[in-house]
Amino acid sequence: MRKIVVWLLIGIMMMSCLPAFAQAMTPGTYEGSVPGYHGDIKVKVTVDSEKITAIEIIEHSETAGIGEAALPMLVEAVLNNQTVNVDTISGATVTTTAFKDAVTAALTAAGADMGLFTASVVKGELKEETLNADVVIVGSGVAGLTAASYAQQQGASTILLEKTGLIGGASAMAGGGTKVIGSKITQADSDFEADRAQFISDMLANGHNNNHLPTVEIYADTIGPAFDWVISEDGAAVPYTTKFEGRGAGVAAALNRSYEKFGGKLLLNTPATELIVNDGVVTGVIAQGPDTLYTINAKAVILASGGYGANDDLVPEEYLRYVYAGHAGAEGDAITMVEGLNADLINMQFINTQPNSMILPSGLGQYCNPGVSKAYALGGFMVNQDGVRFVNEKTNAWDIMQEMKKNDFQYLVMDQAAFDGFNEGMTGSAIYTMEDVAAWLQDDYTGQPKMYTAESLEALAAKMGVPADAVLASAKAFNEVAAVGGDDEFGRNLTAAQSTEGPFYALQMHIRYYASLGGLHVNDDCAVLNTAQEPIPGLYAAGEVIGGLQGDVYMGGSLFGWAIASGHHAAVSAVESLAK
Ligand SMILES: Cc1cc2nc3c(=O)[nH]c(=O)nc-3n(C[C@H](O)[C@H](O)[C@H](O)COP(=O)(O)OP(=O)(O)OC[C@H]3O[C@@H](n4cnc5c(N)ncnc54)[C@H](O)[C@@H]3O)c2cc1C
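Residues numbered from 1 in each chain as written. Predicted model: local features only at pLDDT ≥ 70, side-chain atom pairs only at ≥ 80, totals over all residues. Heavy atoms only, no water.

## Remarks on the domain arrangement of the chain
For the chain, the domain assignment lists domain 1 (8–109), domain 2 (132–350 + 517–578) and domain 3 (355–512). Summarising the inter-unit geometry, the C-alpha centres of domain 2 and domain 3 are found 37 Å apart. Opposite the eight residues of domain 2 that make contact, domain 3 presents 10 residues. Of all residues in domain 2, R321, Y322 and V323 give up the largest surface area on contact with domain 3, accounting jointly for 56% of the area buried on that side. Our count for the domain 2 to domain 3 interface comes out at four residue pairs in polar contact (both at pLDDT 80 or more). Of the residues assigned to the side of domain 2 that touches domain 3, the class counts are five nonpolar, one polar and two charged. (Domains from an automatic or database assignment. Contact = heavy atoms within 4.5 Å. Buried area = accessible area lost by both parts, 1.4 Å probe. Polar contact = N/O pair within 3.5 Å; in protein donor to acceptor, adjacent residues only side chain to side chain. Nonpolar A, V, L, I, M, F, W, Y, C, P; charged D, E, K, R; others polar.)

This is how it looks when you write it as structure tokens:
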């Protein structure tokens, strides 16, 4: 848990915003604490008799670049408006709600009349404004930021639109692992042709040949120069050793800094809502900011608005029973915007799923790889709704997932050693804290995650809602093989038995989905194609919005890499088109 004093903003200019007839509060400093996306958000709120004078975040574990970036904006908004009823920072909804609830708790403790501190923020009438740019880019994930920075650096005038209050999108949630071939900086001695052939073959095998080969080839041919531009001093200068510094959020922040340095114009909280089309040529976008309706005329538009995992209407039905773990902005806006242009869509039936996931109190899916790897080394195993094991828990993610898909639900069953190992992995990755675990294990806790403890396996089975005799039989069979060492019936090599002494623990495990794998069909300029396979003039795409690269499952590091490769390549094409 990061215990840091982040901001102390003194509200001195908000007298005009005071709620009328405010009920006297008891001056002082009060604390409020509410679970955020990860762990508690704790605030200290200082009040005089009428108004909030300061808000200090004294503890949080929100995601860097997302919830963490939203907190200072929320502090400022509440102080300036003297109400907790400020706009949700879209992209950080859970953090916003938790922050508001924590401030509410503190104000309530101060004796505030919350009716007065929940007034709506008064907004003026929507203005209308026309802007002109060479290139307008929709979406500020790594694809959009790369495209915008590069185009701006090349002398094009650009406008970058972001619908949420924060840059980064799903890119800021990613580890930033990047599949690169052809880098002249980091792979100068490598045989590019051999690497290219290997990369393409790996991608096709990984995606079960459901990939769109020309799109895979664009990746192979463009990631090298794109990556070199992103890490180089004359590009975005993102530090890279074997990984990007600061993970996905660090890459997004660095790209944003270079975009600013090159003189780009970023409009936050400004979703593009429709394309402007004249005689079949895309000539700009309509976008709506907090107080302005923009008509943005442009010579080229790059759609980089991410995937559609957050849009239940676009996610195929079969995935909806799994838990969403992606970005709130991934609503497939580009797919909606190209309606009417006869745009070709490919692989819309595929969403990336992963096993080994839990649900956080926020309701969002969370990967548990750092925990399960340790739990399985120490004798953890999974049982399904019948209380029986169903898979080699240590095999590859794809195979585990196929078996999980057959279950109604499943639990990871652990003795004390395996549970300690699981928590060590998860807390070590700052996913949750042991205080969280203590709260989740309380008998009266009814939220997510479903995590239980009991002194016996029978009692644990009762809490899981599975047959106790089956769980006992599963543990007995597991321990018999583990006692002598060797492969069990699923082919898992067992080296550690579970203790027969309690306490025991169970955690409900899930399949999560996030990145979408279908989307717009592009040609080798990243120009969007119509169903006649002709480029739609003026329209380009970059990043997850493009379909077909991956097939039915993504290869690690290649979605993030694709955001960089296609972002750079779409910008190269768009800038070249300006000269025509
Ligand atoms: C938790 C998580 C972990 C991941 N880990 C990895 C990994 O380790 N390796 C890997 O290769 N991939 C990973 N991925 C996938 C990868 O991060 C994404 O596919 C990639 O970053 C997408 O980049 P993008 O720029 O295309 O989209 P995003 O980064 O999603 O950016 C799109 C942006 O567009 C904005 N937007 C949407 N609609 C509009 C509109 N109408 N107007 C304006 N703005 C709009 C969104 O708010 C968002 O900010 C992960 C994804 C998640 C969610």
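## Overview of the nonpolar core
Membership of the largest hydrophobic core comes to 130 residues, with the highest contact counts inside it found for L161, L275, V285, L303, F422 and L539. A total of 10 residues in this core trace back to one element, the largest contributor, which is helix α5 (residues 213–231). When residues of this core are assigned to domains, at least three fall in each of domain 2 (132–350 + 517–578) and domain 3 (355–512). Apart from the residues lying within four places of it in its own chain, the contact partners of L275 are V282, G284, V285, V301, L303, M337, V338, L341 and L539. (Core = buried A, V, L, I, M, F, W, Y, C linked by side-chain atoms within 4.5 Å. Buried < 20%, exposed > 50% of the residue type's maximum accessible area, 1.4 Å probe, protein only. Helix = DSSP H or I, 4+ residues; strand = E, 2+ residues; numbered from the N terminus.)

## Considering the environment of N297
Along the polypeptide, N297 turns up in strand β10 (residues 292–303). Owing to a relative accessible area of 30%, N297 belongs among the partly exposed residues under this scheme. If we skip the residues at most four places from it in the chain, N297 touches T130, L131, N132, A133, I276, T283 and G284.

## Observations regarding the pattern of salt bridges
Applying the stated criterion to the full structure yields 13 salt bridges. Two residues, D48 and K51, come together in a salt bridge whose shortest N-O distance is 2.4 Å. Since its relative accessible area comes to 23%, D48 is described here as partly exposed. Between K374 and E424 there is a salt bridge, and its shortest N-O distance comes to 3.7 Å. Here the residue K374 occupies a position in helix α8 (residues 369–377), and E424 occupies one in helix α10 (residues 416–428), the gap between them amounting to 50 residues. Members of the salt-bridge network, linked through shared partners, are R389, E393, D488 and R492. (Salt bridge = Lys/Arg side-chain N within 4 Å of Asp/Glu carboxyl O.)

## Focus on the pairing of β10
Two strands pair when backbone bridges link them, and strand β5 (residues 127–138) and β10 are joined in this way by 11 bridges, in the parallel orientation. Within β10, the residue paired with E129 across the bridge is Y294. Summarising the sheet, strand β9 (residues 281–288) and β10 pair through five bridges and their orientation is antiparallel. Within the sheet, the bridge partner assigned to I286 lies in β10 and is T295. Between the end of β9 and the start of β10, which pair antiparallel, lie three residues. (Pairing = 2+ DSSP bridges.)

## Topic: the site of the ligand
The ligand sits among 37 residues. The nearest are E162, S171, D333, E544 and F560. Here G141 contributes a backbone N or O atom positioned 3.3 Å from an oxygen atom of the ligand. For the ligand, an oxygen atom lies 2.6 Å from a polar atom in the side chain of E544. For the ligand, whose unbound accessible area comes to 1,000 Å², protein coverage reaches 93%. Breaking the shell around the ligand down by element, the ones donating at least two residues are α3 (142–153) and α14 (558–578). Class assignment of the residues belonging to the shell around the ligand gives a composition of 16 nonpolar, 17 polar and four charged. (Near = heavy atom within 4 Å. Areas by Shrake-Rupley, 256 points an atom, 1.4 Å probe, with all protein chains shown as cover.)

## Some remarks on the confidence of the model for the chain
The predicted model of the chain has a mean per-residue pLDDT of 93, with 96% of residues at 70 or higher. In this model residues 1–22 is a low-confidence stretch, pLDDT under 50, and it forms 60 contacts with partners more than four residues away in sequence or in other chains. (pLDDT = per-residue confidence, 0-100.)

## Some thoughts on unusual backbone geometry
Going from Q448 to P449, the amide bond is cis rather than trans, its omega being -5°. For the bond from G502 to P503, the omega torsion is 0°, close enough to zero to count as cis. Along the polypeptide, P503 turns up in the loop between β19 (493–494) and β20 (504–516). Positive phi, close to 55°, is recorded for Q82, a residue that is not glycine. When its relative accessible area of 1% is taken as the criterion, Q82 is described as buried. Backbone geometry at N356 places phi at a positive 55°, although glycine is not the residue there. The exposure class assigned to N356 is buried, which follows from its relative accessible area of 11%.

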